[in-house]
Amino acid sequence: MTLPVTFDDVVAAAGRLNGVAHRTPVLTSTTADALAGAQLFFKAENLQRMGAFKFRGAYNAIASLDAESKRRGVLAFSSGNHAQAIALAGRLLGVAATIVMPSDAPAIKLAATRGYGAEVVTYDRMTEDREALARRLAEERGLALIPPFDHAAVIAGQGTAAKELFEDVGLLDYLFVCVGGGGLISGCALAAHALAPQCQVIGVEPEAGNDVQQSFGRGEIVKIPVPQTIADGAQTQAPGKLTFPIIRALVTDVQTVSDAALVEAMRFFAMRLKIVVEPTGCLAAAAVFARPPHIAGKRVGVLLSGGNVDPAMLARALA
Ligand SMILES: *Cc1c(COP(=O)(O)O)cnc(C)c1O
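Our subject in this report is the structure included herewith. (Residues numbered from 1 in each chain as written. Predicted model: local features only at pLDDT ≥ 70, side-chain atom pairs only at ≥ 80, totals over all residues. Heavy atoms only, no water.)

1. Some words on the sheet that holds strand 6 (residues 144-145)
- Read across the sheet, 4 strands follow the order 5-4-3-6 without closing on themselves; strand pairing throughout is parallel. Sheet topology places strand 5 (119-123) and strand 6 at the edges, where each strand pairs with a single neighbour.
- Inspection of the sheet shows strand 3 (residues 74-77) paired to strand 4 (residues 97-102) by 4 bridges, in the parallel sense. If you follow Leu 75 over to strand 4, its bridge partner there is Thr 98.
- Strands in contact with helix 7 (residues 130-141) are strand 3, strand 4, strand 5 and strand 6; relative to strand 3, the strand with the most contacts, it is inclined by about 175°. (Pairing = 2+ DSSP bridges. Helix = DSSP H or I, 4+ residues; strand = E, 2+ residues; numbered from the N terminus. Contact = heavy atoms within 4.5 Å. Axes fitted to C-alpha atoms, helices over the stretch in contact; angles between N-to-C directions.)

Right, here's the structure in full:
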């Protein structure tokens, strides 16, 4: 079985990220354990630089470019965490970053992305095609396009989160990971396979956006309409050409949780663990808080992927 990315790539990414990305803490809570009926280890990527694991993949991808590509700069299209990750990684590496965002993106996100020093190019969501615009810009300016998940160096970078988790807590029976386009879970599954081969990796998607669950069940990539969910980091329509074969080979199962369960989990993290976790970041936790019988009494890793939540959304969850 040859996969498009290997654990060696994850190890190389860890070398590039060493001293640059935070080695995020692993949190435990007896209250959470009682809720899940298992021993939980939360990998707190909400405390990563710029607030999400996406920094790992973005930095690894830019650091892996050749000197000429670095001189020309990089381009990404995203209105979420990937945009901020590319902007910050670009600044740290001295590589110019251009981010294509919709003109009606939340002002706070436009400002954060510009704040990290990126050039933001806006487009009209109603009349312009984002990907076409991004590709044209990349071509005209000779920029390297870095997609949010379907990219070998991005996948390898994301896998360093699980590598750290296994190094810090040892073997686990299960690892629950949220799934958007599958970059995070692909990298984490490569690390699990190498460092804890008995560990079962479980993907978790929002109920409304189960493109990967459907694809996993059918054995081929299924594309769905843009899902309506508060888990905005998982509003992807299909897994990627690189991520899907890795998921098929190394992931045990893909499950879903409701938006209501995500809000409940956000509240739990704020009130009990005193941490802010965004809705998408709660997917894996919400699945274990549902007490699936097979995890009873087991050692379970839970990836908390990010903490960038709109303040109004956080206030509603806490109210
Ligand atoms: C991007 C993102 C995800 C989904 O990651 P994929 O690699 O696309 O599966 C999950 N949580 C957060 C916070 C994200 O920013």
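Next comes the rest of the write-up.
2. Here we look at the pattern of salt bridges
- The tally for this structure, following the rule as stated, stands at 12 salt bridges.
- Measuring nitrogen to oxygen at the nearest pair gives 2.7 Å for the salt bridge that ties Glu 45 to Arg 56. In this pair, Glu 45 sits in the loop between strand 2 (39-44) and helix 3 (54-63) while Arg 56 sits in helix 3, placing the two residues 11 residues apart along the sequence.
- Assessed through its relative accessible area of 0%, Arg 56 is described here as buried. (Salt bridge = Lys/Arg side-chain N within 4 Å of Asp/Glu carboxyl O. Buried < 20%, exposed > 50% of the residue type's maximum accessible area, 1.4 Å probe, protein only.)

3. Some remarks on the sheet that holds strand 9 (residues 253-257)
- The 6 strands are arranged 1-2-10-7-8-9 in an open sheet whose pairing can be described as mixed. Bordering the open sheet on either side are strand 1 (26-27) and strand 9, each of which pairs with just one other strand.
- Sitting on the sheet, helix 8 (residues 152-169) touches strand 1, strand 2, strand 7 (174-178) and strand 10 (299-304), and the angle it makes with strand 2 is about 135°.

4. A word on the site of the ligand
- Taken together, 16 residues lie around the ligand, and Lys 54, Asn 81, Gly 180, Gly 182 and Ser 305 are the ones closest in.
- Between the ligand and Gly 180 there is a distance of 2.7 Å, counted from an oxygen atom to a backbone nitrogen or oxygen.
- At 2.9 Å, a backbone N or O of Gly 183 approaches an oxygen atom of the ligand.
- Taken by itself the ligand offers 380 Å² of open surface, and the protein chains cover 97% of this.
- Within the shell around the ligand, the residues separate by chemical class into 5 nonpolar, 9 polar and 2 charged. (Near = heavy atom within 4 Å. Polar contact = N/O pair within 3.5 Å; in protein donor to acceptor, adjacent residues only side chain to side chain. Areas by Shrake-Rupley, 256 points an atom, 1.4 Å probe, with all protein chains shown as cover. Nonpolar A, V, L, I, M, F, W, Y, C, P; charged D, E, K, R; others polar.)

5. A word on the packing of helix 5 (residues 81-93) against helix 6 (residues 107-115)
- It is at 8 Å that the axes of helix 5 and helix 6 come closest, and there the two elements cross at 15°. With respect to helix 6, the element helix 5 is oriented roughly parallel. The interaxial crossing formed by helix 5 with helix 6 has left-handed handedness. Together, Ala 83, Gln 84, Ala 87 and Arg 91 of helix 5 and Lys 109, Ala 112, Thr 113 and Gly 115 of helix 6 make up the contact between the two elements.
- Here the residues of the contact of helix 5 with helix 6 are counted per class, giving 3 nonpolar, 3 polar and 2 charged. (Parallel < 35°, antiparallel > 145°, perpendicular 65-115°, else oblique. Left-handed = near helix turned anticlockwise from the far one by under 90°.)

6. Examining the environment of Asp 104
- Considering the arrangement of structural elements, one finds Asp 104 in the loop between strand 4 and helix 6.
- A relative accessible area of 46% places Asp 104 in the partly exposed class.
- Here the alpha-carbon distance between Asp 104 and Thr 122, two residues 18 residues apart in the chain, equals 8.5 Å.

7. Digging into the side chain of Asn 81
- Note on placement: Asn 81 falls in helix 5.
- Look at Asn 81 and you get buried, because its relative accessible area is 14%.
- Among the polar contacts made by the side chain of Asn 81, one reaches the side chain of Glu 278 at a distance of 3.2 Å.
- When neighbours within four sequence positions are excluded, Asn 81 is seen to be in contact with Met 50, Ala 52, Lys 54, Glu 278 and Asn 308.

8. So, the nonpolar core
- Counting 73 residues, the largest nonpolar core has Leu 40, Phe 42, Phe 176, Phe 269 and Phe 289 as its most contacted members.
- With near-sequence residues (within four places) excluded, Phe 42 lies in contact with Pro 25, Val 26, Leu 27, Ala 32, Phe 269, Leu 273, Ala 285, Phe 289, Val 302 and Leu 304.
- Of all hydrophobic cores here, the second largest spans 32 residues; its members include Ile 62, Leu 88, Val 120 and Val 154. (Core = buried A, V, L, I, M, F, W, Y, C linked by side-chain atoms within 4.5 Å.)

9. A closer look at the packing of aromatic side chains
- Evaluation of the coordinates by the stated rule reveals 7 aromatic pairs.
- Here Phe 55 and Tyr 59 contribute two aromatic rings whose centre-to-centre distance is 5.6 Å and whose plane-to-plane angle is 45°, an arrangement assigned as tilted. Pair noted here: Phe 55 and Tyr 59 are both in helix 3, with a separation of 4 residues, about one helical turn.
- Under the relative-accessibility criterion, Phe 55 is labelled buried at 0%.
- The exposure class assigned to Tyr 59 is buried, which follows from its relative accessible area of 8%. (Phe/Tyr/Trp six-rings, centres within 6.5 Å; stacked < 30°, edge-to-face > 60°.)

10. Observations regarding the side chain of Asp 33
- Following the sequence through the fold, Asp 33 ends up in helix 2 (residues 30-36).
- The buried charged residue Asp 33 lacks any salt bridge, with Arg 299 as its nearest oppositely charged partner at 9.4 Å.
- Dropping the residues within four chain positions of it, Asp 33 is found in contact with Ala 38, Gln 39 and Leu 40. (Lys, Arg positive; Asp, Glu negative; His and termini not counted.)

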